[in-house]
Amino acid sequence: MNRRSFLIRSAGTLGALVTTQFLKEAQWLIANEEKPLLILPKQTGIQTLYAAESEGSFALFLGSKPNEYIDPQFTWEEFGNIAWGHSEAETIEYLRENLGICKCEAEEQLNARADESEVFGWWLRHQSPNALAHKHLEGLDLGPEFGRRDITAGGIRFIDGFHPGNETLWVDVPDLLSISLLQARLNELGQGIKLEVLEGDYGLG
């Protein structure tokens, strides 16, 4: 697990949005109106980062809301190439070994639809909105590691598997203040991503 916090700069810092003044304004809005301070990015072609309540925090999803499964229609040949980087010959060998069929039958399977459970497992790890949020945000300079002595506030947590054998990629923030700070930091970085806090129960705990 990787935890970071958001660096708070002085109000006079050139180009800074995550400042002591912003922190005060965000805290006031949350205390009085129970909503985060979200400043829309200026870029065009904006992506949406959804925040949904999950066990006392907010889980993040990039591009789609949680539980929106986009069912990709892959043939075995396409799936072998996209998911594993296999050549046609390597996919044939995979099918032969895993399906217990001969080479000629494996060749015929290349244009058949790939196994749904395999595709779904790969999608969860690589293309689900929680995985996309994890992969995109973890690569950004959002702030220092949690617990450092810099002037920081809020936090963001990156999880690669909830337990041994689990491959879920997950990212969450603890509160509305962290959502406010994350949006401001994304704006500082010119990411063209807007945060939207979802209402309702998405079955996340």
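This text follows the structure it describes.
Everything numeric in this text was worked out from a predicted model, so none of it was measured.

### Notes on the overall build of the chain
Of regular secondary structure, the chain possesses seven helices and six strands. Relative to a compact globule of 205 residues, whose C-alpha radius of gyration would be 17 Å, the chain shows 21 Å and is clearly more extended. Each of the three principal axes of the chain carries a C-alpha extent, and together these read 70 × 35 × 35 Å. A burial count over the chain gives 41% of its 205 residues as buried. In the chain, the proportion of contacts linking residues at least 24 apart, taken out of those at least 6 apart, comes to 68%. Carbon and sulfur atoms form 47% of the exposed surface of the chain, whose accessible area is close to 11500 Å². The centroid of the 17 positive side-chain charges in the chain is displaced by 11 Å from the centroid of its 31 negative side-chain charges.

### Overview of the nonpolar core
Formed by 31 residues in total, the largest nonpolar core has its most connected members in Leu 49, Leu 60, Leu 137, Leu 142, Ile 156, Leu 181 and Leu 182. At the level of secondary structure, the elements contributing two or more residues to this core comprise helix H1 (20-33), strand E2 (47-54), strand E3 (57-62), helix H6 (129-138), strand E4 (152-160), strand E5 (169-173), helix H7 (176-188) and strand E6 (193-197). The element that contributes the greatest number of residues to this core is H7, accounting for seven residues. Residues contacting Leu 181, with those up to four places away along its chain left out, are Phe 6, Ile 8, Val 18, Phe 22, Leu 23, Ala 153 and Gly 154. Counting 13 residues, the second largest nonpolar core, distinct from the first, contains Trp 76, Ala 83, Tyr 94 and Leu 110.

### A short note on a negative patch on the surface
A contiguous patch of negative charge, built from Glu 77, Glu 78, Glu 88, Glu 105, Glu 107 and Glu 108, is present on the exposed surface. For the negative patch, the secondary structure elements donating two or more residues are helix H2 (76-84) and helix H4 (103-109). By residue number, the principal contributor to the negative patch is H4, which donates three residues. When you line up the elements, Glu 107 lands in helix H4. Assessed through its relative accessible area of 39%, Glu 107 is described here as partly exposed.

### A closer look at unusual backbone geometry
For Glu 34, which is not glycine, the phi dihedral falls at a positive 55 degrees. Mapped onto the fold, Glu 34 is located in the loop between H1 and E2. On the accessibility criterion, Glu 34 (67% relative accessible area) is exposed. A positive phi angle, close to 50 degrees, is found at Glu 55, a residue other than glycine. One can find Glu 55 in the loop between E2 and E3.

### Quick look at the packing of aromatic side chains
Across all of its chains, the model carries nine aromatic pairs by this definition. When the centroid spacing of 5.6 Å and the interplanar angle of 90 degrees are considered together, the rings of Phe 61 and Trp 170 count as edge-to-face. Of this pair, Phe 61 sits in strand E3 while Trp 170 is found in strand E5, placing the two residues 109 residues apart along the sequence. When sorted by exposure, Phe 61 lands in the same class as Trp 170, which is buried. Arranged with centres 6.0 Å apart and planes meeting at 45 degrees, the rings of Trp 76 and Tyr 94 form a pair that is tilted. With Trp 76 in helix H2 and Tyr 94 in helix H3 (residues 88-99), this pair connects stretches of sequence that are 18 residues apart.

### What about the sheet that holds E4?
On the basis of which strands lie adjacent, the open sheet formed by six strands has the order E1-E4-E5-E3-E2-E6 and mixed pairing. Two strands close off the open sheet at either side, each with one partner strand: strand E1 (2-7) and E6. Mean inter-strand twist for the sheet, computed between neighbouring axes without regard to direction, equals 30 degrees. The sheet contact formed by E1 and E4 spans five bridges and is antiparallel. The residue bridging Arg 3 from the neighbouring strand is Arg 157, located in E4. This element, H6, spans E1, E2, E3, E4, E5 and E6 of the sheet and lies at about 90 degrees to E3.

What counts and how
Residues numbered from 1 in each chain as written. Predicted model: local features only at pLDDT ≥ 70, side-chain atom pairs only at ≥ 80, totals over all residues. Heavy atoms only, no water. Helix = DSSP H or I, 4+ residues; strand = E, 2+ residues; numbered from the N terminus. Rg over C-alpha atoms; globule rule 2.2 N^0.38 Å. Buried < 20%, exposed > 50% of the residue type's maximum accessible area, 1.4 Å probe, protein only. Contact = heavy atoms within 4.5 Å. Areas by Shrake-Rupley, 256 points an atom, 1.4 Å probe, with all protein chains shown as cover. Lys, Arg positive; Asp, Glu negative; His and termini not counted. Charge placed at Lys NZ, Arg CZ, Asp CG, Glu CD. Core = buried A, V, L, I, M, F, W, Y, C linked by side-chain atoms within 4.5 Å. Patch = residues over 30% accessible without salt bridge, like charges linked within 9 Å, V, L, I, M, F, W, Y side chains within 5 Å. Salt bridge = Lys/Arg side-chain N within 4 Å of Asp/Glu carboxyl O. Phe/Tyr/Trp six-rings, centres within 6.5 Å; stacked < 30°, edge-to-face > 60°. Pairing = 2+ DSSP bridges. Axes fitted to C-alpha atoms, helices over the stretch in contact; angles between N-to-C directions.

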